[in-house]
Amino acid sequence: MRKSNEFPPVLLARKCPKDSHVWFVWCPYCRLEHSHSAEAGHRAAQCIAGPLKENGYLIALAGSAALRKFQKQLWRRVAKVPE
Ligand SMILES: [Zn+2]
């Protein structure tokens, strides 16, 4: 589980071409793709090591409504606007 105060980074997902239940996210730390269930949201990191391991990350498809929602939440957090 993630620490409460830290907003997790958003990794862009791509759909698995062979399995509609799977999305892939490119991890810049592991330098490979991690696979997750095909739904936007928070995931425990599948990282071998690196800074994402502790708190996990959010995944969303590029251009999706979920991605815009996460960006808005992050902006509110940064700008300290009440939710
Ligand atoms: Zn990783």
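This one's a predicted model, so the numbers in the text were calculated from it and none came from an experiment. (Residues numbered from 1 in each chain as written. Predicted model: local features only at pLDDT ≥ 70, side-chain atom pairs only at ≥ 80, totals over all residues.)

> Would you mind showing me how to read the pairing of strand S5 (residues 57-61) here?
Regular strands place their side chains on alternate faces of the sheet. Counted residue by residue, S5 has four buried out of five residues, so it is predominantly covered. Examined bridge by bridge, strand S4 (residues 41-43) and S5 share three bridges and lie antiparallel to one another. What sits directly across from histidine 42, in S5, is leucine 58. (Buried ≥ 20, exposed ≤ 12 C-beta atoms within 10 Å, placed from the backbone. Helix = DSSP H or I, 4+ residues; strand = E, 2+ residues; numbered from the N terminus. Pairing = 2+ DSSP bridges.)

> Mind showing me how you'd approach the sheet that holds strand S3 (residues 32-37) here?
Sheets are built from strands that pair by backbone hydrogen bonding, the pairs being arranged parallel or antiparallel. Taking strand neighbours across the sheet as the criterion, the five strands line up as S3-S2-S1-S5-S4 in an open arrangement whose pairing is mixed. The outermost strands of the open sheet, each flanked by one partner alone, are S3 and S4. Geometrically, the sheet is characterised by an average inter-axis angle of 40° between neighbouring strands, direction not taken into account. Sheet contacts for helix H2 (residues 65-79): strand S1 (10-15) and S5; angle to S5, the most-contacted strand, approximately 140°. (Axes fitted to C-alpha atoms, helices over the stretch in contact; angles between N-to-C directions. Contact = placed C-beta atoms within 7 Å.)

> So what exactly am I meant to see when it comes to the environment of cysteine 16 here?
Tracing the backbone shows cysteine 16 in the loop between S1 and strand S2 (22-27). Between the alpha carbons of cysteine 16 and serine 35 there is a distance of 8.6 Å; along the sequence they are 19 residues apart. Not counting residues within four places of it along the chain, the set of residues in contact with cysteine 16 comprises Val22, Trp23 and Phe24.

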